[in-house]
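The lines below spell out each chain.
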Amino acid sequence: MHPAIVSKLPEVGTTIFTVMSSLAKQYQAVNLGQGFPDFPMNEELIAKVNEAMQQGYNQYAHMNGYMPLREVLTEKIRHLYGTAIDPDREITVTPGGTYAIYTSLTSVLRPGDEVIIFQPGYDSYIPNVVVNGAKPVLIPLKFPDYTFDWEAVRQAINPRTRMIMVNSPHNPTGTVLRQTDIEALRSVVAGTNIFILSDEVYEHVIFDGLAHLSLLRFPDLLERSFVCFSFGKIYHCTGWKIGYCVAPAAAMAEFRKVHQFNCFSTDTPKQAALSSYLQRKEEYELLGTFIQKKRDYFLELMKGTIFRMHPTYGSYFVLGSYNHFSDEAENDMAIRLTKKYGVAAIPLSAFYHTPTDNKVLRFCFCKKEETLEKAAERLRALR
Ligand code: GLN
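Computed from a prediction, not measured in an experiment: that's the story for all the values here. (Residues numbered from 1 in each chain as written. Predicted model: local features only at pLDDT ≥ 70, side-chain atom pairs only at ≥ 80, totals over all residues. Heavy atoms only, no water.)

Caption draft 1: Local environment of a negative patch on the surface. Among the surface-exposed residues, E369, E370, E373 and E377 lie close enough to one another that they form a single negatively charged patch. Looking at the element boundaries, E377 is found in helix α15 (residues 369-379). With a relative accessible area of 54%, E377 lands in the exposed category. (Patch = residues over 30% accessible without salt bridge, like charges linked within 9 Å, V, L, I, M, F, W, Y side chains within 5 Å. Areas by Shrake-Rupley, 256 points an atom, 1.4 Å probe, with all protein chains shown as cover. Salt bridge = Lys/Arg side-chain N within 4 Å of Asp/Glu carboxyl O. Lys, Arg positive; Asp, Glu negative; His and termini not counted. Charge placed at Lys NZ, Arg CZ, Asp CG, Glu CD. Helix = DSSP H or I, 4+ residues; strand = E, 2+ residues; numbered from the N terminus. Buried < 20%, exposed > 50% of the residue type's maximum accessible area, 1.4 Å probe, protein only.)

Caption draft 2: Representation of the nonpolar core. Counting residues in each nonpolar core, the largest one holds 102 residues, and the members touching the most others are L215, F231, Y235, F307 and F363. Non-local contacts of F363, meaning those with residues more than four positions away in its chain, are made with L32, F298, M302, F307, M309, Y316, F317, V318, G320, A345 and L379. Counting 22 residues, the second largest nonpolar core, distinct from the first, contains L105, I126, V129 and F255. (Core = buried A, V, L, I, M, F, W, Y, C linked by side-chain atoms within 4.5 Å. Contact = heavy atoms within 4.5 Å.)

Caption draft 3: Layout of the packing of helix α4 (residues 97-108) against helix α10 (residues 249-260). Running from N to C, α4 and α10 cross one another at 115°; their axes reach a closest spacing of 8 Å. When the axis of α4 is compared with that of α10, the two are roughly perpendicular. Of the two elements, α4 crosses α10, and the hand of that crossing is right-handed. Between α4 and α10, the residues in contact are Y99, A100, T103, S104, T106 and S107 and E254, F255, V258 and H259, respectively. Among the residues making up the contact of α4 with α10, the classes are represented as 4 nonpolar, 5 polar and 1 charged. (Axes fitted to C-alpha atoms, helices over the stretch in contact; angles between N-to-C directions. Parallel < 35°, antiparallel > 145°, perpendicular 65-115°, else oblique. Left-handed = near helix turned anticlockwise from the far one by under 90°. Nonpolar A, V, L, I, M, F, W, Y, C, P; charged D, E, K, R; others polar.)

Caption draft 4: Examining the packing of aromatic side chains more closely. One pass over the full model with this rule turns up 22 aromatic pairs. Between F118 and W150 the ring centres are 5.5 Å apart and the planes differ by 80°, which places this aromatic pair in the edge-to-face class. Remark: W150 occurs in helix α6 (residues 150-156) and F118 occurs in strand β3 (residues 114-119); sequence separation between them is 32 residues. Pair check on accessibility: F118 and W150 agree, each one buried. Aromatic pair Y202 and F317: ring centres 5.9 Å apart, planes at 80°, arrangement edge-to-face. (Phe/Tyr/Trp six-rings, centres within 6.5 Å; stacked < 30°, edge-to-face > 60°.)

Caption draft 5: Seen up close, the pairing of strand β4 (residues 135-140). By the bridge criterion, 6 bridges tie β3 to β4 in an arrangement that is parallel. When the sheet's bridge partners are listed, F118 is paired in β4 with I139. Read as a crossover between parallel neighbours, the route from β3 over helix α5 (residues 125-130) to β4 is right-handed. (Pairing = 2+ DSSP bridges. Right-handed = clockwise from strand over helix to strand, strands pointing away.)

Caption draft 6: Spatial organisation of the site of the ligand. Close to the ligand lie F17, Q34, G35, Y122, N171, Y202, F317 and R362, which account for all nearby residues. N171 has a polar side-chain atom sitting 2.8 Å from an oxygen atom of the ligand. Between the ligand and the protein, one listed contact pairs an oxygen atom with a side-chain N or O atom of R362 at 2.7 Å. Starting from 300 Å² of accessible surface for the ligand in isolation, the protein chains cover 78%. Within the shell around the ligand, the residues separate by chemical class into 4 nonpolar, 3 polar and 1 charged. (Near = heavy atom within 4 Å. Polar contact = N/O pair within 3.5 Å; in protein donor to acceptor, adjacent residues only side chain to side chain.)

Caption draft 7: Seen up close, the sheet that holds strand β8 (residues 243-246). Here 7 strands make up an open sheet; going across it, the order is β2-β8-β7-β6-β5-β3-β4 and the pairing mixed. Each edge of the sheet is formed by a strand with only one pairing partner; in this case those strands are β2 (91-94) and β4. Strand-to-strand twist of the sheet, defined as the mean angle between neighbouring strand axes without regard to direction, takes the value 20°. Relative to strand β6 (residues 195-199), strand β5 (residues 161-167) runs parallel, the two being bridged by 5 bridges. Paired with V166 across the two strands is S198, which belongs to β6. Of the strands in this sheet, β2, β6, β7 (225-230) and β8 are in contact with α10, which crosses β2 at around 25°.

Caption draft 8: Spotlight on the state of the cysteines. If you walk through the whole model with that rule in mind, you get 0 disulfides. This cysteine, C245, is not joined by any disulfide, and C228 carries the nearest cysteine sulfur, 4.1 Å off. On the accessibility criterion, C245 (0% relative accessible area) is buried. In this model C366 remains outside any disulfide bridge; the closest cysteine sulfur is found in C364, 5.7 Å from its own. (Disulfide = S-S within 2.5 Å.)

Take a look at the structure:
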């Protein structure tokens, strides 16, 4: 007899990224759904991983991360954000950004705690909160420009509020934190016991000359923050699953209690390779310009389609509306586009918990030009 399952996540199905990527494969559609580059990563970085393996970097790394990597990361943070981070106590290398977020939440949340989450938002946040017995409190981004609604946050705060989750550049909308958002966040958390989880995996993927307002820049916010990053988004290797988290020493100590008995440590040869490769500042400093070109090209191509594209200031993504064209549900539209027109995108409703259908799809433009051209050509057939 199988034991009865009382699910901890009864509402959770398979993530939309897996669903749409599988459908794209099945119908040989151009996949602008799941966010990953379709062009090759840097050969030299691959060679460095091989070299590290040949040189014997094949056993467990330190559970908190290979020290030379933590050191070069603290140097990067000082260079970019002017903040001194202790590599020994305030930074941990993780198997991916999603893992860093999950571990941060798990290290502080208790049953009954409330967590403020903006929606639309990345699809792992809510299940990560729920599995810890805590309660997501959902605040809509303002429609149609998807900006942060700090007044609504202020009203949602109460003594059970344990954390606010922010994400900039924002997946799926491409909204970025502005100085006014930082001021508002500051005033909302001042004098409270609220932690901040800042998902900054698209830190370098920011456009139009905007500066990334990392919470690492603001000591009064950093003292209550877990800030999470991903190398996959810097070096075009989302399958590497390697990232890191920065937090003040006391919070990081709790993070490590969870991390050490979950994954324990992170891939050694990749950490060794990254510790030398990261010294090349231009690689990450030019990333925004490189991906902005793709954004601009895709927006130009999409002019020939029925989609009305929203502005996007960062991330791999842009939203396209079709409410003036049809009232077909987003999910049905996404499936029909994949099966009949050969282009996969993500229905924005997948990023909401409260059922919401504004007739918007998310497109990933971090692709080769020919991929974007092929997708736009196929989308032009939708009339
Ligand atoms: N971050 C990627 C996206 O938003 C997907 C990651 C995943 O598939 N889990 O598309």
